[in-house]
Amino acid sequence: MKDLIRQVLREELTSTQEKLVRLTQSLGISKAADFVGGIDKYVNLLYGGDFEKFVKENGIQVVRFSNEGLNMYIHPVLGNLLGAKDKKFLGADYLDLGKFGYGPKDGIRYSFNAELMPMKQNGEVINYRVVGTSGDSGFGYSFINKRNTLGKRARQQIFKQIIDKYNLQKYINEGLN
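About the thresholds
Residues numbered from 1 in each chain as written. Predicted model: local features only at pLDDT ≥ 70, side-chain atom pairs only at ≥ 80, totals over all residues. Heavy atoms only, no water. Phe/Tyr/Trp six-rings, centres within 6.5 Å; stacked < 30°, edge-to-face > 60°. Buried < 20%, exposed > 50% of the residue type's maximum accessible area, 1.4 Å probe, protein only. Lys NZ or Arg CZ within 6 Å of the ring centre and 35° of its normal. Helix = DSSP H or I, 4+ residues; strand = E, 2+ residues; numbered from the N terminus. Contact = heavy atoms within 4.5 Å. Arc of directions from axis to C-beta. Salt bridge = Lys/Arg side-chain N within 4 Å of Asp/Glu carboxyl O. Polar contact = N/O pair within 3.5 Å; in protein donor to acceptor, adjacent residues only side chain to side chain.

Draft legend 1. Layout of the packing of aromatic side chains. Taken as a whole, this structure holds 11 aromatic pairs when the rule is applied. Summarising the aromatic geometry, the rings of Tyr141 and Phe143 are spaced 5.0 Å apart at their centres and angled 15° between planes, so their arrangement reads as stacked. Exposure remark for Tyr141: the relative accessible area of 8% places this residue in the buried category. The class of Phe143 is partly exposed, set by a relative accessible area of 49%. The residue whose ring lies beneath Arg64 is Tyr73, and the NZ or CZ to ring-centre distance is 4.3 Å.

Written out as structure tokens, the structure is:
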């Protein structure tokens, strides 16, 4: 009896997976993931919960840096799986990454509040960009003037801490410059 139940469940799962693959081919990954209740459920159904396999098979670059190394971008697929808290700010749905520090090795360390800012195209999130503030300094926001914008060294210190905190090293194709 147990074997019969297992066989029926396997057949239903295979049928569901095939339907989900067809749905993905016609609508794209993000729409198909929304249909099944989120990217985590999508990855569980098609890849047995193996996010790395999902990334490799679909050729998704989930973490990337701008050419000059001043900006870090995270794909929405990964952004939704980080477990970061939602935060409404300036009328958008940001994700709160937490507090990090930057500064000289033997000097004063400054606190930095990092967020993922959604970058939208046609109303759909296409990427998240790491932004944040430290007092009146920071980067990524239009209200921070040029004089108070953090430079490359400080940003890279913050990026490295984000990579370590969320274990993102395995998703980085080209490292920090």
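Draft legend 2. View of the environment of Tyr73. With respect to the secondary-structure elements, Tyr73 resides in strand E2 (residues 72-74). Given the relative accessible area of 12%, Tyr73 is considered buried. Residues Tyr73 and Tyr128, 55 residues apart in the sequence, show an inter-C-alpha distance of 5.5 Å. For Tyr73, the residues in contact, after removing those within four places along its chain, are Val62, Val63, Arg64, Ser66, Met119, Asn127, Tyr128 and Arg129.

Draft legend 3. Focus on the side chain of Thr133. By the element assignment, Thr133 lies in strand E6 (residues 124-134). For Thr133, a relative accessible area of 19% puts it in the buried group. Leaving out residues up to four positions away in the same chain, Thr133 has contacts with Ser111, Phe112, Asn113, Gly138, Tyr141, Phe143 and Ile144.

Draft legend 4. Geometry of helix H4 (residues 51-58). Among the residues making up H4, those that are buried are Phe51, Phe54 and Val55. Seen end-on, H4 carries its buried residues on one side only, within an arc spanning 95°. H4 presents Lys56 and Glu57 as exposed residues on the side facing more than 90 degrees away from its buried surface. On its buried face, H4 sits against helix H2 (29-36), helix H3 (39-47) and helix H5 (76-79).

Draft legend 5. The arrangement of the pattern of salt bridges in detail. Tallied over the full model, the rule gives one salt bridge. For Lys170, the salt bridge identified is with Glu52, shortest N-O distance 3.5 Å. Note that Lys170 is positioned in the segment after helix H6 (152-165) and Glu52 in helix H4, a separation of 118 residues in sequence.

Draft legend 6. Region of the structure containing the environment of Thr149. Position of Thr149 among the secondary structure elements: in the loop between strand E7 (137-139) and H6. Along the primary structure Thr149 and Ser137 are separated by 12 residues, whereas in three dimensions their C-alpha atoms are 5.7 Å apart. In this structure, Thr149 is in contact with Gly138, Phe139, Ile144 and Arg155, ignoring residues within four places of it in sequence. Polar side-chain contacts of Thr149 include one of 3.0 Å to the backbone oxygen of Asn145.

Draft legend 7. Region of interest: unusual backbone geometry. The backbone of Asn167 shows a phi angle near 55°, a positive value even though the residue is not glycine. When you line up the elements, Asn167 lands in the segment after H6.

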